[in-house]
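Structural description and commentary
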Amino acid sequence: MPLGSRMLLLLLFCCGGSARAPNGDLTVRPTCKPGFSEDDYTALVSQNIMEGQKLLKVKFSGCSESKGIQYETDNLDFKQKGKKNTSADLLQQPSDTLLPWRHQQNSHGLRRQKRDWVIPPINVPENSRGPFPQQLVRIRSDKDSEIHIRYSITGVGADQPPMEVFNIDPVSGRMYVTRPMDREERASYHLRAHAVDMNGNKVENPIDLYIYVIDMNDNRPEFINQVYNGSVDEGSKPGTYVMTVTANDADDVTTANGMVRYRIVTQTPQSPSQNMFTINSETGDIVTVAAGLDREKVQQYTVIVQATDMEGNLNYGLSNTATAIIMVTDVNDNPPEFTASTYSGEVPENRVEVVVANLTVMDRDQPHSPNWNAVYRIISGDPSGHFTIRTDPITNEGLVTVVREVDYEMNRAFMLTVMVSNQAPLASGIQMSFQSTAGVTISVTDVNEPPYFPTNHKLIRLEEGVPTGTALMTFSAVDPDRFMQQAVRYSKLSDPANWLNINATNGQITTAAILDRESAYIKNNVYEATFLAADNGIPPASGTGTLQIYLIDINDNAPELQPKEAQICEKPNLNVINITAADADIDPNIGPFVFELPSVPSAIRKNWTITRLNGDYAQLSLRIMYLEAGVYDVPVIVTDSGNPPLFNTSVIKVKVCPCDENGDCTTVGAVAAAGLGTGAIIAILICIIILLTMVLLFVVWMKRREKERHTKQLLIDPEDDVRDNILKYDEEGGGEEDQDYDLSQLQQPESMDHVLNKANGVRRVDERPVVAEPQYPIRPVIPHPGDIGDFINEGLRAADNDPTAPPYDSLLVFDYEGSGSTAGSVSSLNSSSSGDQDYDYLNDWGPRFKKLADMYGGGEDD
């Protein structure tokens, strides 16, 4: 307990429960009110108070004899002295016995239970070294002298996790702690003490026990981060906030064990002062304490910060350290300065986007930041804006670049004054340096420039049709190289119609042909030609000029009529022919037009009439009531409005034809109108008939030839020729015994000797007879279509008479097919030999069926 602190001791009594007569009787006097002399007592206690030292004296008046008064306190850290006196001295003494259950016996021998006492907390220091179990307190009921009582405790730390931190002797009531306590793990425990008899019946009401773990300084302060990063602008004033470091102590923050204090241990580098920063010992705020922060000298400070508990007592407290890295941020306190006062460069004339000089500067601020990036300006010497200065983002150099062509003949040199600054404005109080301006001298070199036409796209006006050789103008070029003695020569570069010539020396342009406004080379009345002017410099240079000639129209084109052909009915008033005039000229050399029919021949005006509708259109129609169908050439004279006017006689071919009620020409009328007479039409029809007759005769002749070819019948009707038909019958497989047959019967003979020596008669089907082969007809090289049938018939007869051609005419020998087949016997099928059927027709089937005809037809072999 700190020195000078106060302890308030409250001694509470209820109905005089703490003052008893020796015999237990209470004597009440009406004129006396029992009680303590003071409602509360206050004592000042030193923190180094010793056990047994007196603190204060309390006095109680019982309104009777004071003998036998007993004083008790509910704080176990104190005891009273002098139980039988009217006053008691309180002494500090560890108590090991609690009597939470107190009873009083009245005069009749009955006991009545007083209200339960409030048990003060039990304080247990953490990290105790034991030995364990270590007794904390003894709990006892005053009934234990009468009956056997069993004590127990419940709650967290007893019968709830963590289990068995505390236990109690059930007989003596002594409560123990079984292991060291850790306040950072759990700061307090709430237990309940129980007293029951041997049968488990409750003897006393449960009481609450509060156990507090007393904190010990067993934890060092821990910084939230081991490394802290902060920044402060260079040139900052003292007291400028930089950063905050924070350390936490797991010990009780209400005691000195958890009260952390900060201090700076070291600062690196110690420039310009070893104490550039300070730290608030309680909050951990780091601020500047001295002036002179300069990023160009020191860019970073490393500060070691120490946190110590016990309110910073280095003798008793625990400490820990962390690192604070403080970056000095750049401000624009250094203006850029040119490394030279003058620069020079050279540029050819008429060139752009050329770098002519590099301007170098020095800036001590942080590179590639707005405080370092240079901005260049030309403040004098370039009123026409020929140059600009661009900044190289890597080197920060100024690139003097030509953005507008310079002319050697106009300016042979430029004297520029340039200034450099930063993107960011200078810091307060910083002035521009005189070295922030410089001079740049740029020399212009002469090059051979091409001649140019002062008036390019020169436009002149003249009438079309000027005669050949007419001088139009002198289209001359100017050589800008005034200081060079050079000659210029001219030539044509583009003349689509080849109408112009140009003098190679002086550039005079004359016509080489008549200029026609109506030509296809004219667009919007303008003819365009391009000419070339070249000097004799080294190297030569040339320029082009365009001449545009606007041709004024003259009346040099007579009008034309449209359409050139038309169609009209043979009777008037049914339809008319609309005609229009077209003139290649333009106004005023075109309409209105005059339409008229010529007086010669007189039949024109007699049969036809023309009516003018407006300046460009007219109608041509029949004057007479009827005009024979046919094609008529009708001349029409059309005159324009030019000065002088031009006229043209256009002939319109008009087809006059009979028309139906709708005014359309009929088919016969259209033919008649085409100019064909009746005789011509008859001749055409006769030619068509003759042509059709010839085609019909040719078809009949072809049919007859085909019929003759088919009348030559073969020896055997194709439908009856069994050789041309393949007859397939269903297979009638035999039993399993059919599978056992001799394959040697189907093999080819090894030699032909037995065939040659075999007598005529029976032969195998796969044996080829050895006889003289017949001669087959030879096919002509270029056969005639009519001979194809004869050739086929002759070949067929030769094949029928050829005994060596397969299939050979021999007896077919079949192999034994076994017995016991499931198929029925066919032996009952006998050929009829009664002679009722005539087989003589077999003799007509040729040599292949001769044997069969002999057998059934009653031939020679019968």
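None of the values given here were measured: they were computed from a predicted structure.

Pairing within the open sheet is antiparallel, and its three strands lie in the order S19-S23-S22. Of all strands in the sheet, those bounded by a partner on one side alone are strand S19 (241-244) and strand S22 (277-279). Here the average twist between neighbouring strands, direction ignored, is 25°. Where S19 meets strand S23 (residues 285-288), three bridges bridge the pair, whose relative direction is antiparallel. When the bridges of S23 are listed, threonine 244 appears paired with aspartate 285.

What follows is about the packing of aromatic side chains. Summed over all chains, the structure comprises 12 aromatic pairs. When the centroid spacing of 6.1 Å and the interplanar angle of 80° are considered together, the rings of phenylalanine 475 and phenylalanine 531 count as edge-to-face. Remark: phenylalanine 531 occurs in strand S40 (residues 526-535) and phenylalanine 475 occurs in the loop between strand S36 (471-474) and strand S37 (488-494); sequence separation between them is 56 residues. The exposure class of phenylalanine 475 is buried, given its relative accessible area of 3%. The buried category is assigned to phenylalanine 531, whose relative accessible area is 0%.

Take the pattern of salt bridges next. Taken as a whole and judged by the stated rule, the model has 13 salt bridges. For arginine 295, the salt bridge identified is with aspartate 330, shortest N-O distance 3.2 Å. Linking arginine 295 in the loop between S23 and strand S24 (300-308) with aspartate 330 in the loop between strand S25 (319-329) and strand S26 (337-338), this pair joins segments that are 35 residues apart in sequence. In this structure, arginine 295 and aspartate 330 share a single accessibility class: buried. Salt-bridge contacts for glutamate 353 lead to arginine 390; the nearest nitrogen and oxygen are separated by 3.0 Å. Placement of the pair is glutamate 353 in the loop between strand S27 (342-348) and strand S28 (355-359) and arginine 390 in strand S31 (residues 387-391), with a sequence separation of 37 residues. The exposure class assigned to arginine 390 is partly exposed, which follows from its relative accessible area of 39%. Through salt bridges with shared partners, a single network forms among Arg183, Glu184 and Asp215.

Let's shift gears to the pairing of strand S46 (residues 608-612). One ladder, built from five bridges, connects S46 with strand S47 (residues 617-622); its direction is antiparallel. Bridge pairing links threonine 611 to glutamine 619 in S47.

With that settled, consider the sheet that holds S46. Read from one edge to the other, the open sheet built from four strands follows the order S42-S44-S47-S46, with strand pairing classed as antiparallel. Two strands close off the open sheet at either side, each with one partner strand: strand S42 (560-562) and S46. The sheet shows a mean angle of 30° between the axes of neighbouring strands, taken without regard to direction.

For the rest of this paragraph, the subject is unusual backbone geometry. Omega for the bond connecting proline 161 with proline 162 falls within 30 degrees of zero, at -5°, which places this linkage in the cis form. Residues other than glycine seldom take positive phi values, yet asparagine 350 does so here, at roughly 65°. Asparagine 350 sits in the partly exposed class, given a relative accessible area of 27%. Positioned with a positive phi, asparagine 525 is a non-glycine residue whose angle comes to about 70°. Structurally, the position occupied by asparagine 525 is in the loop between strand S39 (508-511) and S40. On the basis of relative accessibility, which here comes to 17%, the residue asparagine 525 falls in the buried class.

The subject of this paragraph is the side chain of serine 128. Among the secondary structure elements, serine 128 is positioned in the loop between strand S10 (122-125) and strand S11 (134-141). Side-chain polar atoms of serine 128 contact the side chain of glutamine 134, separated by 3.4 Å. For serine 128, the residues in contact, after removing those within four places along its chain, are Gln134 and Pro180.

Bringing the confidence of the model for the protein into the picture now. Looking at the protein, the pLDDT average stands at 79 and 73% of residues meet or exceed 70. Scored below 50 in pLDDT, residues 82-95 makes 62 contacts in the model with residues more than four places away or belonging to other chains. Across residues 105-116, confidence stays below pLDDT 50; counting only partners more than four residues off in sequence or on other chains, it has 18 contacts.

Its location among the elements puts threonine 323 in strand S25. We classify threonine 323 as partly exposed; its relative accessible area is 22%. Sequence spacing of threonine 323 and phenylalanine 223 is 100 residues, and the spatial spacing of their C-alpha atoms is 9.8 Å. Dropping the residues within four chain positions of it, threonine 323 is found in contact with Gln226, Val227, Tyr228, Thr302, Val303 and Ile304.

Cut-offs used in this document
- Residues numbered from 1 in each chain as written.
- Predicted model: local features only at pLDDT ≥ 70, side-chain atom pairs only at ≥ 80, totals over all residues.
- Heavy atoms only, no water.
- Pairing = 2+ DSSP bridges.
- Helix = DSSP H or I, 4+ residues; strand = E, 2+ residues; numbered from the N terminus.
- Axes fitted to C-alpha atoms, helices over the stretch in contact; angles between N-to-C directions.
- Phe/Tyr/Trp six-rings, centres within 6.5 Å; stacked < 30°, edge-to-face > 60°.
- Buried < 20%, exposed > 50% of the residue type's maximum accessible area, 1.4 Å probe, protein only.
- Salt bridge = Lys/Arg side-chain N within 4 Å of Asp/Glu carboxyl O.
- Polar contact = N/O pair within 3.5 Å; in protein donor to acceptor, adjacent residues only side chain to side chain.
- Contact = heavy atoms within 4.5 Å.
- pLDDT = per-residue confidence, 0-100.

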